[in-house]
Amino acid sequence: MSDASIALHRFGLGARAGEEIPADPRTWLVQQIGAYRAPLSGAGDVPGSAAVAAQLAAFYDQQRALREQYGPRKALKAAAATPPAAPPAPPANEMGAAPLPPPMNALAPASGAAAQPVMPDPFADARKAAARQARQDYAVMVAARATSALTTTTPFIERMVHFWANHFAVSADKLQMVGLAGTLEFEAIRPHVLGSFADMLNAVERHPAMLLYLDQAVSIGPDSEVGRRIGARGKRKVGLNENLAREIMELHTLGVRTGYTQADVTEFARALTGWTVAGIGRGPGGMRDDRDAPGTFRFVANRHEPGDRTIRGKAYPAGGEAQAAAVLNDLAADPATARHIATKLARHIGGDTPPPAMVDRLTAVYLRSGGDLPTLYRALIDSPEAWRDPAPKFRTPWEWTIASFRALGVTTVRPAAIVGLLNQLGQPTWKPGQPVGYDDIAGSWAGPDAVMRRVEAAERLATRAQQQDARALAPRLFPAALSPATSTAIARAESPSQALALLLVSPEMMRR
Amino acid sequence: MLDRRSLLVRGALTALASGVAPRMAFAKAETDRRFVFIIQRGAADGLGVIAPVGDPAFVSQRGDLAADLVGAPRLDSMFALHPAMATTLGLYRQGQALFAHAVASPYRDRSHFDGQNVLETGGTGPYQLRDGWMNRMLSLIPSGEARAIAVTATVPMALRGPHEVASYAPSALPQASDDLLQRVSMLYQGDSQLHGLWSEALSTRELTGDLAADNGRAAGATGGLAARLLAPANGARIAMIETGGWDTHTQQRARLTANLRGLDAMIGALRAGLGPVWDHTVVLVATEFGRTVAVNGTGGTDHGTGTAAMLIGGAVKGGRVLADWPGLATANLYEGRDLKPTMPLDAWVAGAVAGQFGIDPARALTGLFPGNAGAQPVTGLIRA
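Residues numbered from 1 in each chain as written. Chains lettered and ligands numbered in written order. Predicted model: local features only at pLDDT ≥ 70, side-chain atom pairs only at ≥ 80, totals over all residues. Heavy atoms only, no water.

### Regarding the overall build of chain A
In terms of helices and strands, chain A carries 23 helices and four strands. Burial analysis of chain A (512 residues in total) assigns 59% to the buried set. For chain A, restricting intrachain contacts to residue pairs at least 6 apart in sequence, the fraction spanning at least 24 positions comes to 77%. Here chain A has roughly 18900 Å² of accessible surface; of this, 55% comes from carbon and sulfur atoms. (Helix = DSSP H or I, 4+ residues; strand = E, 2+ residues; numbered from the N terminus. Buried < 20%, exposed > 50% of the residue type's maximum accessible area, 1.4 Å probe, protein only. Contact = heavy atoms within 4.5 Å. Areas by Shrake-Rupley, 256 points an atom, 1.4 Å probe, with all protein chains shown as cover.)

### Some points on the nonpolar core
In terms of nonpolar packing, the biggest core is built from 162 residues, with Phe-11, Trp-164, Phe-168 and Phe-268 of chain A together with Trp-198 of chain B touching the most fellow members. No other element matches helix H5 (residues 122-151) of chain A, which puts 14 residues into this core. Ignoring anything within four residues of it in the chain, the contact list for Phe-11 of chain A reads Ile-6, Leu-29, Pro-155, Phe-156, Arg-159, Ile-349, Leu-380, Ile-381, Ala-386 and Trp-387 of chain A. Listed in part, the 59 residues of the second largest apolar core include Ile-50, Ala-80, Ile-149 and Val-283 of chain B. (Core = buried A, V, L, I, M, F, W, Y, C linked by side-chain atoms within 4.5 Å.)

### A short note on the side chain of Arg-136 of chain B
Residue and element names in this part refer to chain B. On the secondary structure map, Arg-136 appears in helix H7 (residues 133-140). On the basis of relative accessibility, which here comes to 12%, the residue Arg-136 falls in the buried class. In terms of polar contacts, Arg-136 uses its side chain to reach the backbone carbonyl oxygen of Gly-367, at 3.1 Å. Setting aside residues no more than four positions away along its own chain, Arg-136 makes contact with Thr-121, Gly-122, Leu-129, Asp-131, Gly-367, Leu-368 and Pro-370. (Polar contact = N/O pair within 3.5 Å; in protein donor to acceptor, adjacent residues only side chain to side chain.)

### Some details on unusual backbone geometry
Residues Asp-389 of chain A and Pro-390 of chain A are joined by a peptide bond in cis, for which omega reads -15°. In the Ramachandran plot, Ala-43 of chain B falls in the positive-phi region, its phi being about 75° despite a non-glycine side chain. In this model, Gln-251 of chain B sits at a positive phi of 45°, which is unusual for a non-glycine residue. Residue position: Gln-251 of chain B is located in the loop between strand S7 (238-243) and helix H11 (252-274). Judged by its relative accessible area of 28%, Gln-251 of chain B is partly exposed.

### Looking at the pattern of salt bridges
Once their charged atoms are close, side chains differing in charge can pair, the charge on each being opposite to the other. According to the stated counting rule, one finds 34 salt bridges over all chains in the structure shown. Between Arg-110 of chain B and Asp-338 of chain B there is a salt bridge, and its shortest N-O distance comes to 2.8 Å. Of this pair, Arg-110 of chain B sits in the loop between strand S4 (97-104) and helix H6 (112-121) while Asp-338 of chain B sits in the loop between strand S10 (320-322) and strand S11 (343-344); the two residues are 228 residues apart in sequence, bridging distant segments of the chain. There is no split in this pair, since Arg-110 of chain B and Asp-338 of chain B are both buried. Connected through salt bridges with shared partners, the residues Glu-242 and Arg-246 of chain A together with Arg-110, Glu-335, Arg-337 and Asp-338 of chain B form a single ionic network. (Salt bridge = Lys/Arg side-chain N within 4 Å of Asp/Glu carboxyl O.)

### Some points on the packing of aromatic side chains
Residue and element names in this part refer to chain A. Under the defined criterion, the tally for this structure stands at 21 aromatic pairs over all chains. Centroid distance Phe-163 to Trp-164: 5.0 Å. Interplanar angle 80°. Geometry classified as edge-to-face. The exposure classification of Phe-163 matches that of Trp-164, with both residues buried. Where Trp-275 meets Phe-297, the ring centres are 5.3 Å apart and the plane angle is 75°; that geometry is what we call edge-to-face. Taken as a pair, Trp-275 in strand S1 (residues 275-277) and Phe-297 in strand S2 (residues 297-299) lie far apart in primary sequence, 22 residues in all. An aromatic cluster of at least three residues, connected via ring pairs, comprises Phe-163, Trp-164, Phe-168, Phe-197 and Tyr-366. Taking the ring centre of Phe-297 as reference, the NZ or CZ of Arg-206 above it sits at 5.4 Å. (Phe/Tyr/Trp six-rings, centres within 6.5 Å; stacked < 30°, edge-to-face > 60°. Lys NZ or Arg CZ within 6 Å of the ring centre and 35° of its normal.)

### Describing the environment of Phe-297 of chain A
Through-space distance from the C-alpha of Phe-297 of chain A to that of Thr-276 of chain A is 6.0 Å; in sequence the pair is 21 residues apart. Beyond its immediate stretch of four places on either side in the chain, Phe-297 of chain A contacts Arg-206, Leu-211, Trp-275, Thr-276 and Glu-321 of chain A.

### Re the confidence of the model for chain A
Here chain A shows a mean pLDDT of 88. Residues at 70 or above account for 87%. Between residues 82-116 of chain A, whose pLDDT stays under 50, and residues either more than four places distant or in other chains, the model counts 82 contacts. (pLDDT = per-residue confidence, 0-100.)

### Comments concerning helix H13 (residues 361-368) of chain B
Residue and element names in this part refer to chain B. When H13 is considered as a whole, its buried residues turn out to be Ala-364, Leu-365 and Leu-368. Down the axis of H13, the smallest arc covering the buried residues is 100°, so these residues share one side. Among the structural elements, H6, H7 and helix H12 (345-357) are those in contact with the buried residues of H13. (Arc of directions from axis to C-beta.)

### Section: the side chain of Lys-344 of chain A
Residue and element names in this part refer to chain A. Take Lys-344: it is sitting in helix H14 (residues 335-350). Of the side chains bearing the opposite charge, Asp-440 lies closest to the buried Lys-344, which forms no salt bridge; the N-O distance is 7.7 Å. When sequence neighbours within four positions are dropped, the list of residues in contact with Lys-344 reads Phe-163, His-167 and Asp-440. (Lys, Arg positive; Asp, Glu negative; His and termini not counted.)

### Description of the pairing of strand S1 (residues 34-40) of chain B
All names here are of chain B. Across the seven residues that make up S1, a large majority, seven, are buried. Burial along S1 is two-sided: Arg-34, Val-36, Ile-38 and Gln-40 and Phe-35, Phe-37 and Ile-39, pointing in opposite directions, are all buried. In this sheet, strand S8 (residues 281-287) lies alongside S1 in parallel orientation, the contact comprising seven bridges. Bridging from a neighbouring strand, Arg-34 pairs with Thr-281 of S8. Pairing between S1 and S7: six bridges, direction parallel. (Pairing = 2+ DSSP bridges.)

So this is what it looks like as C-alpha cells:
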C-alpha cells in the first residue's frame with residue numbers, strides 16, 4: 001500500500017469519491033488534530049441525554065400513575081382471567097429491548113402477553129410508546145454519527161471518536177439504554193477526544209448512560225443513611241452493586257489481571273456509592289424529587305458509604321463525591337492504564353497482534369504526556385509499524401459500511417436504513433451487548449457469513465449509487481495501491497453497477 | 001452461466017488441485033452422531049436454574065430469588081428445575097437430560113471475557129491456547145464427521161483453529177445474484193483468507209436453501225435453523241449456538257425466567273427439527289462461571305464461581321443430577337461468596353464427547369483440555 005492509501009484507509013475512514021489525494025499523508029493526518037471541531041453535541045434535531053431522560057422520566061411517571069389507578073400490572077392481568085400461572089412479565093425497562101436485535105442474542109422470546117387474547121392493557125401501550133420513541137431517537141443518533149463520518153474533514157479524529165466510544169462501551173439493549181447509548185459518545189467522548197484521558201474518563205463515568213448501563217445508579221452504601229433506613233425495614237435487601245467499579249478497573253483503565261483484587265473492586269464500589277442520575281435512577285431510594293433535571297449527574301450524599309477507603313494499598317479519606325474522583329484520577333495516571341490504552345491503540349492501527357515496540361513507545365508517551373490524547377495520536381502517526389504492508393486490519397462492519405458510502409460519494413443516510421444495514425452486517429451501533437465493546441481483531445469479523453452479507457449489501461448499494469465509473473474511481477480510492485486482480489474484475493464486469501459492487505467487496509476494501 | 005451448485009463443485013476441484021482440500025475420510029466408519037454446544041455468555045446463575053431446594057441454607061441465602069424455585073418441579077430430593085423449562089423437564093423425565101452441578105472451568109477469577117476465553121479455548125488460564133476445544137474435537141472424531149458450523153455470523157472462539165468451520169446466521173439482505181457470486185469467487189482467488197471464507201459461505205448457502213428469508217430472531221427459530229443445518233446426512237455434525245443475556249446483576253427473577261423460556265424453546269426446536277437424529281444427539285449447555293450465592297442490593301447476583309451445566313439429547317443417559325454437593329452454608333462457600341466447584345467442567349465435557357464419539361476418555365481429555373490431563377473424565381454420561 002502507498003502511504004497515501006494507508007493514511008486514507010488505515011488512519012482515516014476510507015477515501016471519498018471526488019476528494020483530493022493527500023500529497024503529504026503524514027502532514028494531512030497531523031493537521032486534522034488542529035482542525036477537528038466536536039460537531040454533534042446538540043446539533044440539529046439530534047436529542048441529547050437531557051431530552052431522552054426527560055422522556056424516560058415521563059414514562060416512569062406514567063407507569064406510577066397507572067399503578068395507582070389499576071394496582072400492579074399482574075393484578076390487571078389476573079382480572080382479565082388469563083390462563084393460570086402466567087409467568088412473571090419481564091420488568092418494564094427490560095421490554096421492547098431494542099430496534100431489530102441481532103438474531104443470535106435475542107434469546108428471550110417476544111413478549112409472552114402477545115399470545116393471549118387481546119385485552120386493553122394500558123401498561124403495555126405506554127411501554128410500546130416509550131420503546132418506539134427510544135428507537136426513533138436511537139436511529140436519529142446513528143444517522144448523525146454516520147453522516148458525520150461521511151462528511152467530516154478530519155476522518156482520523158473521527159476514527160478516534162469511534163475508538164473511544166467502543167473503549168467506553170455501553171449497549172443499547174434495555175429500553176432505557178436504547179435512547180441513551182449514543183448520547184455518551186456525543187456528550188462525553190467527542191468533547192474530550194483531543195483532551196486528556198483523565199478528562200474523558202471523568203466525563204464518561206459521570207454520564208447517565210454509563211451510570212445506568214453498569215448499574216451504578218442503583219448502588220447504595222449499606223451503611224449510608226438510605227441503606228440503613230431501608231435495611232431497618234428489613235423487607236428488601238439493598239446494597240452495593242460492584243459492576244461499574246469492576247469494569248472501570250478491568251476495561252476502562254488498568255486492564256484485566258493487572259494486580260487489583262476483589263477487595264479493591266468492592267472498596268471502589270463503596271467509594272462510588274452516591275454517584276447517580278437524577279430523575280431516572282430507579283431502584284430503592286431512587287430519585288423521585290426533581291431538584292435537578294432528569295438525566296443530570298448527581299452525587300447523593302445519603303446513599304454514599306461513609307468512611308475511608310483503601311484501594312490498591314492507597315488510602316482515600318472520606319470525602320463524598322471527591323473520594324471516587326480521586327480514585328479515577330489515580331487510575332488514569334497508572335502505568336497499567338498507560339499500557340492498556342497503548343495496547344489497544346496499537347492494535348487498532350498497527351495490527352491485531354500489537355507490535356511490542358509500538359506498545360512500549362506509546363506507553364512511554366502516555367506516561368510522559370500525562371495521558372494527553374493528541375500527543376498519543378502524533379505518536380501513532382510517527383510509528384513506523386503503522387505504515388507497513390500488507391493491510392493489517394480486517395474492516396469491521398461499521399468501518400466497511402462507512403468506507404463504502406464514502407467511496408460512492410454518499411453524504412446522507414436515512415436513519416432506519418442505516419440502522420437496518422448495520423444490524424444485518426452484524427454490528428449494530430452502540431450495541432455490543434457487553435461492556436467490553438466490540439472486538440478489534442479479524443477473528444471476530446472475518447466469518448464466511450459476514451463476507452456473504454457484505455457481498456449482498458454491496459450489490460444493493462451499487463445498484464442505488466449515482467452513476468460512478470468504477471474503473472476511474474478505483475485508482476483514486478487506492479492511490480498506487482490497487483491490485484491487478486481488482487482492476488481486472490472491475491474491467492470485466494458486466495455492468496457499471498456490478499463493477500461498483502466488486503470494488504466494494506474487493507480485498508482492498510475489506511481491509512485497511 | 002453457472003449456478004451455485006456447479007460453482008461449488010468447481011470450487012472443490014480447485015481446492016483439490018491446490019492441495020488444500022478437506023482431508024478425505026478413510027479409516028473409521030461414519031456414524032450419525034451430532035454434538036451441539038449452546039454457550040451461555042454472561043455467567044448463567046446455576047443456582048437459579050437447577051436449584052438446590054433441598055439444601056437447608058437455600059431459602060435463607062437466596063432471599064427473593066428462592067420464590068420461583070421452592071415450588072418448582074423436583075428433579076430429585078435435592079434439586080428442582082426452574083419452572084420456565086417445561087420442555088427440558090419433560091426430557092429429564094424421559095431420561096434425556098442430565099445435569100451437573102457445582103462445576104467450573106479451571107478459571108477462578110471473575111472476568112466474563114477471560115472466563116469465556118477459558119471456557120472456549122479449553123485452556124487452564126485465559127489466552128493460554130490459541131484455538132478452541134471444539135476445533136480440536138474435529139481432530140479426534142472420525143474425519144468423515146468433522147464438519148462443524150457456528151450458527152452465528154462469525155466463528156466463536158471455541159470453534160476457531162486449524163480445522164475449517166462454517167458459520168451461518170439468517171440474513172434479511174436480499175440474496176446476491178449468482179453472476180456476482182461467481183465473479184467474487186474469481187476476485188478472491190489470489191487472497192487466501194477471503195478465498196477460504198468465501199468457499200465456506202457458498203457451501204453453507206447451498207445447504208440452507210431459502211432459509212435466508214427466515215428471520216431467526218427468536219430462540220426457537222435459531223434452534224430450528226441449527227436443526228436444519230444438522231439434520232441432513234451431509235450436514236454439519238457439530239454446531240455451536242451463542243446465547244446472551246445471562247449477566248443478571250439486576251432484576252434477575254424476571255430476566256432469568258425470560259431467558260430460560262427462550263433456552264427451553266431453543267432445545268424444543270432442536271429436538272423437533274432433528275427428528276430421528278435426536279436419538280443420536282447430545283446438546284451441551286454451559287457458561288463461563290456462576291454467580292454469587294447471595295442476592296445483591298439490586299435484585300440480582302454478581303459474578304461468582306461454581307455453576308450448573310446440562311447435557312440434553314436422545315443419546316444422553318439422563319434423568320439424573322450429578323453433583324458432589326458442597327453446601328450453601330456460608331462456611332462452605334468459595335471465598336465466602338460463591339458456590340464451591342467440586343467437579344471440573346472439563347472432565348465432564350471430555351466424558352460426554354468421549355462417550356458420544358466412541359473415543360477413549362483419557363485421550364479425549366488430553367486432546368480437548370491439554371492442560372487438565374490429570375483430571376478424571378466422567379464416564380457413563382452417554383448411551384452406548
